[in-house]
Amino acid sequence: FINNNYFTSKDLNRLRRRAAPHTREEEMLVFGTYRLHGEVLEIAAAQAVHAMMSHGISQPLVDTAVSYNNTNEIKALVSRYPNILIGTKLRKASQVEQDLQKEKQNYGSNLYRALLHKHMPVSAYLILVQAKAAGQIKEVGISNYSAQEIRNLVAALKALDQAGELPIALSDAIPDVCQNEFHPFLQTTVPQVCKELGIRFEAHSVH
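All chains use their own residue numbering, which begins from 1 and follows the written sequence. For this predicted model, a pLDDT threshold of at least 70 governs which residues receive local features, and a threshold of 80 or more governs which side-chain atom pairs are given and counted, while totals over whole chains, interfaces and linings are taken from all residues. The side-chain quantities take in all heavy atoms of the structure and omit both hydrogens and water.

A. A look at the overall build of the chain. A helix here means a DSSP run of H or I that spans at least four residues, while a strand means a run of E at least two residues long, and both kinds are numbered starting from the N terminus. Along its length, the chain carries eight helices and eight strands. Accessibility here uses a 1.4 Å probe with only protein chains present; expressed as a share of the type maximum, an area under 20% marks a residue as buried, one over 50% as exposed, and anything in between as partly exposed. The 207 residues of the chain split such that 45% are buried. Contacts: residue pairs with any heavy atoms within 4.5 Å of one another. Sequence-distant contacts in the chain: of pairs separated by 6 or more residues, those separated by 24 or more amount to 73%.

Written out as structure tokens, the structure reads:
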């Protein structure tokens, strides 16, 4: 996950040919746009997309969020590179459905995934699952969840599956990805829990 950080040709070569769709076990290289706006975002994103495409990543994934307030810049990037994929994050539990539909309008078929930006009720997560079942997005996930919150979500999904109340198979309803802060100075068991539960862990750093 790239967020205001430089990455090397070695990184790109290691991840070359990683084109969507991805599996939970695959590594992914994602360009994050947190705190990026205007010309800085335009230049940085163009450089990242060009670098990834030149190293065999045919459909680069660009990560944004409703709260980032950079929709216009991301839409311009989609117009410039129509093959890129967009991942978004939804922050308000009461507006998940409305915000998801708005993001779908913003990015159309380029919207590849949607994550809950913070811990929310299972009912909010199920809105994402419904969208995946309907073919509106390819991946669903969570962000900024603790290890216990991840376990609780998966347990709730298993209970719903046993009751026959999931719109898709349990394996497809479980989060495809968990995007959390991760660096050498942060002690967390989230990556291990994700591995145990078959969820792809995606690290970001905040600085």
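That covers the picture; the talk isn't over yet.
B. Structural detail: the packing of helix α2 (residues 38-54) against helix α3 (residues 71-80). Axis definition: a line fitted to C-alpha atoms, over the contacting stretch in the case of helices. Angles run 0 to 180 degrees between N-to-C directions. Where α2 contacts α3, the axes come no closer than 10 Å and their chain directions differ by 35 degrees. In the crossing of α2 with α3, the sense of the turn from one axis to the other is right-handed. Contact residues: α2 offers Gly-38, Leu-41, Glu-42, Ala-45, Ala-46 and Val-49, while α3 offers Glu-73, Ile-74, Leu-77 and Arg-80. Residue polarity is assigned by list, with Asp, Glu, Lys and Arg as charged and Ala, Val, Leu, Ile, Met, Phe, Trp, Tyr, Cys and Pro as nonpolar; anything else, Gly included, falls into the polar class. Taken together, the residues of the contact of α2 with α3 sort by class into six nonpolar, one polar and three charged. Note on convention: the crossing is left-handed when the near helix lies turned anticlockwise from the far helix by less than a right angle, right-handed when the turn is clockwise.

C. Representation of the pairing of strand β5 (residues 111-116) in the model. Of all the six residues making up β5, six are buried; the element is thus mostly covered by neighbouring parts of the structure. With helix α4 (residues 96-107) bridging strand β4 (residues 85-90) and its parallel neighbour β5, the resulting β-α-β unit is right-handed. We treat two strands as partners when DSSP finds at least two bridges between them. Inspection of the sheet shows β5 paired to strand β6 (residues 139-143) by four bridges, in the parallel sense. The partner of Leu-116 across the bridge, within β6, is Ile-142. Of the crossover connections in this fold, the one passing from β5 over helix α5 (residues 122-133) to the parallel β6 is right-handed. A crossover gets the label right-handed when its path from the first strand over the helix to the second runs clockwise, viewed with the strands pointing away from the viewer.

D. Seen up close, α5. Between its first and last C-alpha atoms α5 spans 16 Å; for 12 residues at 1.5 Å apiece the expected length is 16 Å, and the two agree. All of the buried residues along α5 are Ala-124, Tyr-125, Leu-128, Val-129, Ala-131 and Lys-132. End-on, the buried residues of α5 take up no more than an arc of 160 degrees, which puts them together on one face. Looking at the buried side of α5, the elements it contacts are β4, α4, β5, β6, α6 (147-162) and α7 (170-173). Given the number of residues in a helix, its expected span is that number minus one, multiplied by 1.5 Å. The arc refers to the directions leading from the helix axis to the C-beta atoms.

E. Layout of the pairing of strand β7 (residues 177-181). Among the five residues that make up β7, four are buried, leaving the element largely enclosed by the rest of the structure. Between the parallel elements β7 and strand β8 (residues 200-204), the chain passes through helix α8 (residues 190-197) in a crossover that is right-handed.

F. Region of interest: the pattern of salt bridges. Take a side-chain nitrogen of Lys or Arg and a carboxyl oxygen of Asp or Glu: if they are within 4 Å of each other, that pair is a salt bridge. The final tally for this structure, using the stated rule, is six salt bridges. The residue Arg-113 makes a salt bridge to Glu-202 at a minimum N-O spacing of 2.6 Å. Note that Arg-113 is positioned in strand β5 and Glu-202 in strand β8, a separation of 89 residues in sequence. Of the two residues, Arg-113 and Glu-202, both sit in the buried class. Arg-151 serves as the salt-bridge partner of Glu-196, at 2.9 Å between the closest nitrogen and oxygen.

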